[in-house]
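Per-entry structural report
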Amino acid sequence: MRDSVGTVRTVLLLGGRSEIGLAIVERLVREGAREVVLAARGGVAEPPAALAALGAKVHSLEFDATAPDTHTATVDGAVALVGDLDVVVDAFGVLGTQADYEADPAAAARAAAVNYTGHVSAGLAVAARLREQGHGALVVLSSVAGVRVRRFNFVYGSAKAGLDGFAQGLADSLHGSGARVLVVRPGYVPTRMSAHVDPAPFPATPAQVAEAVSAGLRSGATTVWAPRVLAPVFAGMRLMPRPIWRRLGR
Amino acid sequence: MASQPERPVLLTGWGRTAPTAARVVRPRSAAQVARALAEAGPRGVLARGLGRSYGDAAQAAGGTVLDCTELTGPIRLDADRGEVTVPAGVSFERLIAHLLERGYFVPVTPGTRQVTVGGAIAADVHGKNHHADSSLGAHVRSLTLAAPTGETLTLTPDGGDAELFRATLGGMGLTGVVTEATLAVLPVETSYMRVDTDRTDSLDATLDLMSRTDADYRYTVCWVDLLAKGSAMGRGVLTRADHAGPRDLPPALRRDPLRHRAGSPLAAPPWAPPGLLNSWTVGAFNAVYRGAAPRRRRGEAQPIAGFFHPLDAVRGWNRLYGPHGLVQYQFVVPFGAEDTLVRIMEGLSRAGAPSFLTVLKRLGEGTGGHLSFPRPGWTLAVDLPAGLPGLGRMLRRFDELLLAADGRLYLAKDGRADAETVHAMYPDLPAWRKVRERVDPDGVLVSDLARRLRLL
């Protein structure tokens, strides 16, 4: 449970190998979190040494984003390990390349299942638990890619658009329950997952995203952008006429 | 039972930090309390009074919170025995008014009248007379406890279940729900205090004057200025008092010496911007407050409400701390550990901690409650904005100093300490747990504080 100076004790990371997710977890551990559950397919055999070095107890849990039937059990498993979930970071996803998706529609649908429908079942399972315990925050890693979907990565972007809308609706449904949802919209973040993508303007490092998340959790924000300048940038992008938008290379 | 809303209610302590949701029910009788305990869900039950604990002591996330403020009824004063029997939901506001009219006063009052009798016992509250009279628990002659097992127990300090009585004093509501208590009362001749005030110029002078003169008065307290710079840090306004007799009053007040004027409180604005209380505004307030106090005044007649409960004059003053809320840090260090006290005060001063209610007091003997806070030594209470950057880290450092000096934190004020720290500060915790396991084998009673500090 969050304490009176905003420190949390337990963190569950869905997508236990996500670089951004792990940066958020590390940040929360630096601020005082003591129990961490890293959930990923096959578990996380070798968790980052930094977490234990900072004094956190790290647990590993099996989590398959493509198996929605198992998501409630995953949440229950995390509760069995650490008790009440103070912060759940929903960070799993795949990026892929648009050209490959266009060549292989089935692969595109599988990616969309990870990036969207997987979050629907996992998000609802987490929300049910947070509602029951009367407190807690779900951090959802959305993306500016979903704010206005672009031609060059619309398979990924449309899934993020769906996720972003889902997370906002979930946040509203949890209003007054003691639980809350924080939607995070990073821009381009250089990580292993994005290594094959050309850099975009206004990049943010995983640590900067983590800092924004930490500040958002403390302030009670519903949405954070990383870097912050992306909020006004995308307010402008949304107004851009379609013929121009269509031609944007990135 | 009173209506049970379907929707959970968000609750915080007086510091307005870390809200959690619970189902709130309002029992009006001991029988309704017993029923609520019997119907406990998997997330447990907790009694709550007027919500003046600063942290998370009166919250139970996901569970059922019994708002006990309707657990009221007649107050029965027995003048021959010098005691009063009062339902647990009655506030000190009402109890004090009732007693003063009849020439009595409560044996101990905290700094606000806005606490219930049940809550005051659960926190084993202390007041300005702790050095002379100990805490409230020392004046509880008996109490009625609704236990989670369905039993109604009558507990006394030396009766059959003295151990459960001890566990309940300062037990933060985790041993049962107090439904009624009998307290010793103090006869008084007037509703006034005879107050001596002294202004000190340095921390050394403050500590010295308090050490030398504490025993001469029933009530003492010192307001200190941590924002003053250099050698002026820790300068203060020391007030010491006894109950006034009729002859201590000016003639105009002698006609009706027991008349109690609580006054109607001013309300703080419903919203304040974050950062309203900062080291500049509070520093200015401190300078004015101290400047307005006399350097030395003797025998001033002050109404009881003004002397004991100055903050009750502003309803909802906690809102002045803005949307992030406030944290109160209160600790005690044994006599002889003055260096730790001074180090923490200096640390707060260096951090520019804008506390406009910094209170220093000497405590006397404790009550023997396993989790009761007071013990002989110096206690300091500071109010800090919860949004102060680096606050968590600074307070953790202070916790370490306290541990090294055999000091402890007050659970009714805490919302942020970690479990290991508090376990080390309360060596009677294992004994308390044993008693608790006996009266609450299924773990029905629970609070956010208990979960955070792993008390159960």
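Residues numbered from 1 in each chain as written. Chains lettered and ligands numbered in written order. Predicted model: local features only at pLDDT ≥ 70, side-chain atom pairs only at ≥ 80, totals over all residues. Heavy atoms only, no water.

For the rest of this paragraph, the subject is the sheet that holds strand 2 (residues 20–25) of chain B. Residue and element names in this part refer to chain B. Read from one edge of the open sheet, four strands run 1-2-4-3, paired in mixed fashion. The outermost strands of the open sheet, each flanked by one partner alone, are strand 1 (9–11) and strand 3 (45–48). Put simply, the sheet's adjacent strands are angled 50 degrees from each other on average, direction ignored. Sheet topology places strand 2 next to strand 4 (residues 64–67); three bridges connect them, and they run parallel. Looking across to strand 4, one finds that Val-24 is bridged to Val-65. (Pairing = 2+ DSSP bridges. Helix = DSSP H or I, 4+ residues; strand = E, 2+ residues; numbered from the N terminus. Axes fitted to C-alpha atoms, helices over the stretch in contact; angles between N-to-C directions.)

With that out of the way, let us pick up the UniProt feature "domain: FAD-binding PCMH-type" (unreviewed entry) in chain B. According to UniProt, the positions carrying the feature "domain: FAD-binding PCMH-type" (unreviewed entry) are residues 17–188 of chain B. Across residues 17–188 of chain B, the secondary structure splits into 21% helix and 26% strand, with the terminal C-alpha atoms separated by 39 Å. (UniProt positions renumbered as here; feature names shortened; annotations may be inferred.)

The subject of this paragraph is the side chain of Arg-362 of chain B. Residues and elements named next belong to chain B. Its place among the elements puts Arg-362 in strand 19 (residues 359–363). Since its relative accessible area comes to 14%, Arg-362 is described here as buried. Of note is the side chain of Arg-362, whose polar atom sits 3.2 Å from the side chain of Asp-214. Setting aside residues no more than four positions away along its own chain, Arg-362 makes contact with His-131, Met-210, Ser-211, Asp-214, Phe-335, Gly-377 and Trp-378. (Buried < 20%, exposed > 50% of the residue type's maximum accessible area, 1.4 Å probe, protein only. Polar contact = N/O pair within 3.5 Å; in protein donor to acceptor, adjacent residues only side chain to side chain. Contact = heavy atoms within 4.5 Å.)

Glancing now at unusual backbone geometry. Geometrically, the link from Ala-226 of chain A to Pro-227 of chain A is a cis peptide bond, its omega value of -5 degrees lying close to zero. Relative to the helices and strands, Pro-227 of chain A resides in the loop between strand 7 (223–226) and helix 8 (230–237). Within the chain, Met-172 of chain B stands out as a residue other than glycine whose phi angle is a positive 55 degrees. For Arg-454 of chain B, which is not glycine, the phi torsion reads 45 degrees and is therefore positive. Here Arg-454 of chain B is to be found in the segment after helix 14 (448–452).

Before going further, it helps to spend a moment on the pairing of strand 2 of chain B. Residues in a regular strand project their side chains so that they alternate between the two faces of the sheet. Residues and elements named next belong to chain B. Of all six residues in strand 2, five are buried, a share of seventy percent or more. Relative to strand 2, strand 1 is paired through three bridges, and the arrangement is antiparallel. Within the sheet, the bridge partner assigned to Val-9 lies in strand 2 and is Ala-22.

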